[in-house]
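# Structural overview
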Amino acid sequence: MSSQNRTGSRRIKITSITGLALAGALVLTGCSPEVEKGWLPTERGTTNHTDRIMDLWVNSWIAALAVGIITWGLLVWCIIAYRRRKGTTGFPKQLSYNLPLEVFYLTIPLFMVLVFFYFTDQDQRAIDDRSQPADVVVDVRGKQWAWDFNYKQGQVITEDLHEAGVQAHLTGNEVDKDLLPTLYLPVNKSVDLELNSRDVIHSFWVPAFLQKRDMIPGKTNYIRFTPTKEGTFDGKCAELCGEYHSEMLFRVKVVSESEFKAHMDKLRQDGNTGLLGAEYDRNPNLNEK
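The following refers to the structure shown. Everything quoted here is computed from the prediction, not taken from an experiment.

Reading the values: the criteria
- Residues numbered from 1 in each chain as written.
- Predicted model: local features only at pLDDT ≥ 70, side-chain atom pairs only at ≥ 80, totals over all residues.
- Heavy atoms only, no water.
- Helix = DSSP H or I, 4+ residues; strand = E, 2+ residues; numbered from the N terminus.
- Contact = heavy atoms within 4.5 Å.
- Areas by Shrake-Rupley, 256 points an atom, 1.4 Å probe, with all protein chains shown as cover.
- Pairing = 2+ DSSP bridges.
- Axes fitted to C-alpha atoms, helices over the stretch in contact; angles between N-to-C directions.
- Buried < 20%, exposed > 50% of the residue type's maximum accessible area, 1.4 Å probe, protein only.
- Polar contact = N/O pair within 3.5 Å; in protein donor to acceptor, adjacent residues only side chain to side chain.
- Salt bridge = Lys/Arg side-chain N within 4 Å of Asp/Glu carboxyl O.
- Parallel < 35°, antiparallel > 145°, perpendicular 65-115°, else oblique.

## Side note on the overall build of the protein chain
Secondary structure summary: the protein chain contains 5 helices and 10 strands in total. A separation threshold of at least 6 residues defines the contact pool for the protein chain, and within that pool the share at least 24 residues apart is 69%. Roughly 18600 Å² of accessible area belongs to the protein chain as shown, and the carbon and sulfur atoms make up 59% of that amount.

## Focus: the sheet that holds strand E3 (residues 161–164)
With mixed pairing, the 5 strands of this open sheet are ordered in space as E3-E2-E1-E5-E8. In the strand order of this sheet, the two ends are held by E3 and strand E8 (221–225), each with one partner. Adjacent strand axes in the sheet meet at a mean angle of 20°, parallel and antiparallel pairs treated alike. Pairing geometry for strand E5 (residues 191–197) and E8, over 5 bridges, is antiparallel. Bridging from a neighbouring strand, Val191 pairs with Phe225 of E8.

## Points about the pairing of strand E4 (residues 182–186)
Where burial is concerned, most of E4 is hidden: 5 out of the 5 residues are buried. By the alternation rule, side chains of E4 split into Thr182, Tyr184 and Pro186 and Leu183 and Leu185, which are all buried. Two elements, E4 and strand E10 (residues 249–255), share 5 bridges in a ladder whose sense is parallel. Of the residues in E10, the one forming a bridge with Leu185 is Val254.

## Observations concerning the environment of Asp123
Following the sequence through the fold, Asp123 ends up in helix H4 (residues 99–127). Residue classification places Asp123 among the buried residues on the basis of a relative accessible area of 9%. Taking the C-alpha atoms as reference points, Asp123 and Ile53, separated by 70 residues in sequence, lie 7.6 Å from one another. Leave out the neighbours within four places in its chain, and Asp123 touches Arg52 and Leu56. Of note is the side chain of Asp123, whose polar atom sits 2.8 Å from the side chain of Arg52.

## Regarding the pattern of salt bridges
Taken as a whole and judged by the stated rule, the model has 22 salt bridges. Among the salt bridges present, the one from Asp281 reaches Arg198, with a minimum N-O distance of 2.6 Å. Of the two residues, Asp281 is situated in the segment after helix H5 (257–269) and Arg198 in the loop between E5 and strand E6 (202–206); the sequence distance between them amounts to 83 residues. Exposure remark for Asp281: the relative accessible area of 28% places this residue in the partly exposed category. Of the residues examined, Arg198 reaches a relative accessible area of 4% and is grouped as buried.

## Digging into the side chain of Lys143
Within the secondary structure, Lys143 is located in strand E1 (residues 136–143). Here the side chain of Lys143 touches Asp148 through a polar contact of 2.7 Å, side chain to side chain. The residues touching Lys143, leaving out its near neighbours within four places in the chain, are Asp148, Gly165, Gln167, Arg198, Asp199, His202 and Met248.

## Quick look at the packing of helix H3 (residues 50–81) against H4
Two elements in contact, H3 and H4, have axes separated by 11 Å at closest approach and are oriented at 170°. In terms of orientation, H3 and H4 fall into the roughly antiparallel class. Within the contact between the two elements, H3 uses Arg52, Ile53, Leu56, Ser60, Ala63 and Val67 and H4 uses Met112, Phe116, Phe119, Thr120, Gln122, Asp123, Ala126 and Ile127.

Here it is, written out as structure tokens:
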């Protein structure tokens, strides 16, 4: 009997030490910058939404991990506490139900789902809020396999201007990013991106902005944000859209307001006035003659 007690005590010690080691490793890994931002492809303060999205992502993983640790702990405890002892015969006492336990299993998961829903809905509403007019409005049109950017007249832009991308083709050479279609945006100015497709379904994605939205023929989707850090950011189509989908790349340059206006002046001098609107769209599903 004493040998069995010593064995059980040793197992409990080993389990406790292992649990403490795992918890310590988890705490230490939380000190790294990659963990703090949840391995997301951006830095805090890139736009007015990146911090909010990053916090929702990281906190959701923390909550999920906490639930997982508690669940695993209870499983291990049940395995140890209710294991079949040496010399035991027959079956354990059979119970038909346990009302308090069943209520617990119902209410706790429901509470967790409601909490996740509340915080997700709260952040989603803030991210998609377009109740106030934006400083800059750009009609972004995806096409096989490039991008058109229509800068609409507004508070910052004095007249309609456009910039058209050239359809990409695989050449076997490395992509020259300086030749990619480039969307210019002024720093610290609110931006409305009107997302439209000229042909098939595309998807506008700038990984550093942590926002991605589909571009569906005949339907306009929107992304609202304020870029808060100057720099050049890579973008791509995130929806398989045909033969040269992998080459449907673009860049976003967030610049000072003076540099942004200088680029608009250059577009005007190059004769890129007006908008390249829906008259250039091509929807293969309409079977137009």
